[in-house]
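# Chain and residue survey
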Amino acid sequence: MIERRANARSILRQNGIPHTASSLGVPPGFQKYLDIAQTDFLLLLQHTPVYTLGRRNDDAALSAALTSPNVDIVKTRRGGLLTYHGPGQLVGYPILDLGLMNLSTRCYIARLQDILRKSLSHDEIQLQTINSPADDSKYTGVWSDPTHKIASIGVQVQHRVTSHGFALNVHTNALDGFRKIVACGLPDVSLTCIDEQLSWHGKKSQITLIQVANIIANEFGKNLNRDVDLIDDMSFVTSTKFDGTQVLKQIVLDGECIPTN
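The numbering scheme is per chain: residues are counted from 1 as the chain's sequence reads. A pLDDT threshold of at least 70 governs which residues receive local features in this predicted model, and a stricter bar of 80 or more applies before side-chain atom pairs are shown or counted, although totals over entire chains, interfaces and linings include all residues. In computing side-chain values, all of the structure's heavy atoms are included and hydrogens and water are not.

### Some details on the side chain of Asp40
Counted only if it meets this: For the purposes of this entry, the term helix denotes a DSSP run of H or I that reaches at least four residues, the term strand denotes a run of E that reaches at least two, and both are numbered from the N terminus. Only protein chains enter the calculation, and the probe is 1.4 Å; a residue is then buried if its accessible area is under 20% of its type maximum, exposed if over 50%, and partly exposed in between. Polar contact criterion, stated in full: a pair of N or O atoms within 3.5 Å, where within protein one must be able to donate a hydrogen and the other to accept it, and residues adjacent in sequence count only if both atoms are side-chain atoms. Any two residues whose heavy atoms approach within 4.5 Å at even a single point are treated as in contact.
Tracing the backbone shows Asp40 in the loop between α2 (31–38) and β1 (41–45). Assessed through its relative accessible area of 18%, Asp40 is described here as buried. In this structure the side chain of Asp40 is engaged in a polar contact, spanning 3.2 Å, whose partner is the backbone nitrogen of Asp97. Within the structure, the side chain of Asp40 is placed 2.8 Å from the side chain of Arg226, a separation counted as a polar contact. Residue contacts for Asp40: discarding those within four places in its chain leaves Arg5, Ile95, Leu96, Asp97 and Arg226.

### Details of the environment of Ser235
By the element assignment, Ser235 lies in the loop between α7 (209–224) and β10 (236–240). With a relative accessible area of 14%, Ser235 lands in the buried category. A C-alpha to C-alpha distance of 4.7 Å links Ser235 and Val252, two positions 17 residues apart in sequence. Those residues in contact with Ser235 that lie beyond four places of it in its chain are Gln250, Ile251 and Val252.

### A short note on the pattern of salt bridges
Put simply, the rule is: Take a side-chain nitrogen of Lys or Arg and a carboxyl oxygen of Asp or Glu: if they are within 4 Å of each other, that pair is a salt bridge.
Under the defined criterion, the tally for this structure stands at six salt bridges. One salt bridge connects Asp40 with Arg226, and the closest N-O pair in it is separated by 2.8 Å. Residue Asp40 is located in the loop between α2 and β1, and its partner Arg226 is located in the loop between α7 and β10; the two are separated by 186 residues in the primary sequence. Classification of Arg226 by relative accessible area gives partly exposed; the value is 33%. Its salt-bridge partner being Asp114, residue Lys118 comes within 3.4 Å of it at the nearest N-O pair. Here Lys118 pairs with Asp114, and both are found in helix α5 (residues 105–120), just four residues apart, close to one helical turn. Under the relative-accessibility criterion, Lys118 is labelled partly exposed at 42%.

### Digging into the packing of aromatic side chains
Here the distance between the centres and the angle between the planes together describe a pair of aromatic rings. In plain terms, the rule: Ring pairs are drawn from Phe, Tyr and Trp, using the six-membered ring of Trp, whenever the two centres fall within 6.5 Å, and their geometry is named by plane angle: stacked under 30 degrees, edge-to-face over 60, tilted for the rest.
This structure, assessed with the given rule, holds five aromatic pairs. Arranged with centres 5.7 Å apart and planes meeting at 25°, the rings of Tyr139 and Trp143 form a pair that is stacked. Note on Trp143: relative accessible area 0%, which makes it buried. One aromatic cluster in this structure is built from Tyr51, Tyr84 and Phe178.

### Observations concerning the sheet that holds strand β2 (residues 50–53)
Consider a sheet: its strands pair through backbone hydrogen bonds, and that pairing is either parallel or antiparallel. Going by this rule: For two strands to count as paired, DSSP must find a minimum of two bridges between them. Fitted lines through C-alpha atoms give the axes, limited to the stretch in contact for helices. The angle between two N-to-C directions lies from 0 to 180 degrees.
The strand order across the open sheet built from three strands is β3-β2-β4, with neighbouring strands paired in mixed fashion. Here the strands that pair on one side only, and so sit at the sheet edges, are β3 (72–75) and β4 (83–85). When the angles between neighbouring strand axes are averaged without regard to direction, this sheet yields 30°.

### Thoughts on α2
Quick note on the threshold: Picture the helix axis, draw a direction to every C-beta atom, and the arc is the one those directions span.
Looking at α2, one finds that the buried residues are Leu34, Ile36 and Ala37. Buried residues in α2, looked at end-on, bunch into an arc of 160°, giving them a common side. Buried residues belonging to α2 abut α1 (2–14) and α4 (98–101).

### Some points on the domain arrangement of the chain
What counts, and what does not: How far each domain reaches was decided by an automatic or database domain assignment. Put simply, buried area is the surface a 1.4 Å probe can reach on two separate parts but cannot reach once they are joined, added for both. When residues are grouped by polarity, Ala, Val, Leu, Ile, Met, Phe, Trp, Tyr, Cys and Pro land in nonpolar, Asp, Glu, Lys and Arg in charged, and all others, Gly among them, in polar.
Splitting the chain by domain gives domain 1 (1–38) and domain 2 (41–254). Spacing between the C-alpha centres of domain 1 and domain 2 amounts to 30 Å. Listed per partner, the contact involves nine residues of domain 1 and 14 residues of domain 2. Of the roughly 930 Å² buried between domain 1 and domain 2 on both sides combined, carbon and sulfur atoms contribute 65%. Taken as a group, Met1, Ile2 and Arg5 account for 57% of the area that domain 1 buries against domain 2, more than any other trio of residues on that side. The interface formed by domain 1 and domain 2 contains one salt bridge. For Asp97, the salt bridge identified is with Arg9, shortest N-O distance 3.3 Å. The interface formed by domain 1 and domain 2 holds four residue pairs in polar contact (both at pLDDT 80 or more) in total. Secondary-structure elements contributing two or more residues to the side of domain 1 that touches domain 2 are α1 and α2. The leading source of residues in the side of domain 1 that touches domain 2 is α1, at four residues. Counted by class, the side of domain 1 that touches domain 2 contains three nonpolar, three polar and three charged residues.

Here is the structure:
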């Protein structure tokens, strides 16, 4: 989806049309590319087990991750160190043009933190969080207390368009993949989740990933002053693994199949 947007911007640029242009007066045949260049997306999903590497070296965590033969390891271009994604965790990939929203990268990351914190304080969850315990970039994320991190943030911004995003631990099985590694290079910090935090506060969690996704999507709309429209289920192409798990393979937009890997 990032590449699709970049290609649309390139076509507009080659024809002397700014990607920030109004639809009024756009030459025939170019409205499609303008729509692609100006449409933002928020992908909210659950990964099959995977360790992802950021741009910073994390040899110790990588060595530990290599001892998990059934978990994929993927190199990414986001900021940060090695982390884990898997079942029970909600991962968000906002694909936004910060230039169109007049946001700096620093402000965008602060918005992500604010969106996640307000989502966690929502009536359906009712968890309070704290400011990051230190200014070092390793501490970027959302914290339940100074030693427990509930959500991680790692982004990339290229040509003012964002990729990668955040991971919020919802259920206890989301913590399984963190047991072998020092996540985000913080040995004195433990990862926590919504279920665990509610249990520690004497509450039983009944929240689902879908409910959390809906809360976050609505909070994105409010925080960024944007309308949020759901993509129709018919726009998703999935495959079934041997254990019955449904895996997203493609997203269909305007008749175009976009691979997700």
